[in-house]
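# Observations on the three-dimensional arrangement
One letter stands for each residue in the lines below.
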Amino acid sequence: VQLVESGGGLVQPGGSLRLSCAASGFTFSRYNMNWYRQAPGKERELVATITPFGGRTDYADSVKGRFTISRDNAKNTVYLQMNSLKPEDTAVYYCNTRVIIEYWGQGTQVTVSS
């Protein structure tokens, strides 16, 4: 199993970013996919989850209405569209899935600052 995130960067408050996670090594369309984040000095937190065919999504209260998780099973890719970004969204963002055991990507840094 391999998960590779991309799309992070520096953005001003109020701006947008779209993260991508390319998955390989397992049958992508059978599993929930998750985005987590970890800010400096804080525990890793679950940001968003999507079910195998995208029929259900769940979000942390802190990002509801601003972030959207989606997936393209034909491309084995999950996305996180982040709008109205705030400085408190600054963190390393990780893609995650559980295929018997947990798998994590290497993370992508998102920095929201003016």
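Here the structure is shown first, and the text comes after it.
Residues numbered from 1 in each chain as written. Predicted model: local features only at pLDDT ≥ 70, side-chain atom pairs only at ≥ 80, totals over all residues. Heavy atoms only, no water.

## What to know about the overall build of the protein chain
Keep this limit in mind: Helix and strand definitions follow DSSP, with helices as H or I runs of at least four residues and strands as E runs of at least two, each counted in order from the N terminus. Each radius of gyration reported is based on C-alpha atoms, and the globular scaling rule is 2.2 Å times the count of residues to the power 0.38. Whether two residues are in contact is decided by their heavy atoms: any pair within 4.5 Å suffices. Using the Shrake-Rupley algorithm and a 1.4 Å probe, accessible areas are obtained, with residue cover drawn only from the displayed protein chains. Positive charges come from Lys and Arg alone, negative charges from Asp and Glu alone, with His and the N- and C-terminal ends not counted. Charged side chains are reduced to one point each, which is NZ for Lys, CZ for Arg, CG for Asp and CD for Glu.
A tally of helices and strands in the protein chain yields zero helices and eleven strands. Each helix (α) and strand (β) of the protein chain, taken in turn from the N terminus, gives the series β-β-β-β-β-β-β-β-β-β-β. Taking 13 Å as the expected radius of gyration for a compact globule of 114 residues, we find that the protein chain reaches 13 Å, a close match to that expectation. Along the first, second and third principal axes, the C-alpha atoms of the protein chain reach 40 × 25 × 20 Å. Contacts in the protein chain between residues far apart in sequence, at least 24 positions, make up 51% of those at least 6 positions apart. Approximately 6,000 Å² of the protein chain is accessible, and the part contributed by carbon and sulfur atoms is 47%. In the protein chain, 12 positive and 9 negative side-chain charges are present, and the distance between their average locations comes to 5 Å.

## Section: the state of the cysteines
We count it as follows: What counts as a disulfide here is a pair of cysteine sulfur atoms lying within 2.5 Å. Exposed residues in this analysis have more than 50% of their type's maximum accessible area, buried residues have under 20%, and partly exposed residues fall in between, with area computed by a 1.4 Å probe over protein chains only.
Following the criterion strictly, the structure yields one disulfide and no others. Residue C21 pairs covalently with C95 via a disulfide, S to S 2.1 Å. Its torsion about the S-S bond being -80°, the disulfide of C21 and C95 is classed as left-handed. Here the residue C21 occupies a position in strand β3 (residues 17-24), and C95 occupies one in strand β9 (residues 91-99), the gap between them amounting to 74 residues. Accessibility assignment for this pair places C21 and C95 in one class, buried.

## Thoughts on the packing of aromatic side chains
Our working definition: Here is the rule: rings of Phe, Tyr and Trp (six-membered ring for Trp) pair when centre to centre is within 6.5 Å. Planes less than 30 degrees apart are stacked, more than 60 are edge-to-face, and the remainder are tilted.
Counted by the stated rule, this structure contains four aromatic pairs. Arranged with centres 5.8 Å apart and planes meeting at 65°, the rings of F26 and Y31 form a pair that is edge-to-face. For F26, a relative accessible area of 12% gives the class buried. Among the residues examined, Y31 registers a relative accessible area of 25% and is labelled partly exposed. Ring centres of Y36 and W104 lie 4.8 Å apart, and the angle between their planes is 65°; this geometry places the pair in the edge-to-face category. With Y36 in strand β4 (residues 33-38) and W104 in strand β10 (residues 101-104), this pair connects stretches of sequence that are 68 residues apart. The class for Y36 is buried, based on a relative accessible area of 18%. On the basis of relative accessibility, which here comes to 35%, the residue W104 falls in the partly exposed class.

## A word on the environment of T97
For clarity, the cut-off: For this analysis, a polar contact is any N or O atom pair within 3.5 Å, provided that within protein one partner can donate a hydrogen and the other can accept it, and provided that sequence-adjacent residues contribute only side-chain to side-chain pairs.
Tracing the chain through its elements places T97 in strand β9. By relative accessible area, which is 0% here, T97 ends up buried. Put simply, T97 and W35 are 62 residues apart on the chain and 8.8 Å apart in space, counted from C-alpha to C-alpha. Residues within four places of T97 in sequence aside, it is in contact with L3, F26, Y31, N32, M33, N34, E102 and Y103. In terms of polar contacts, T97 uses its side chain to reach the backbone carbonyl oxygen of N32, at 2.9 Å.

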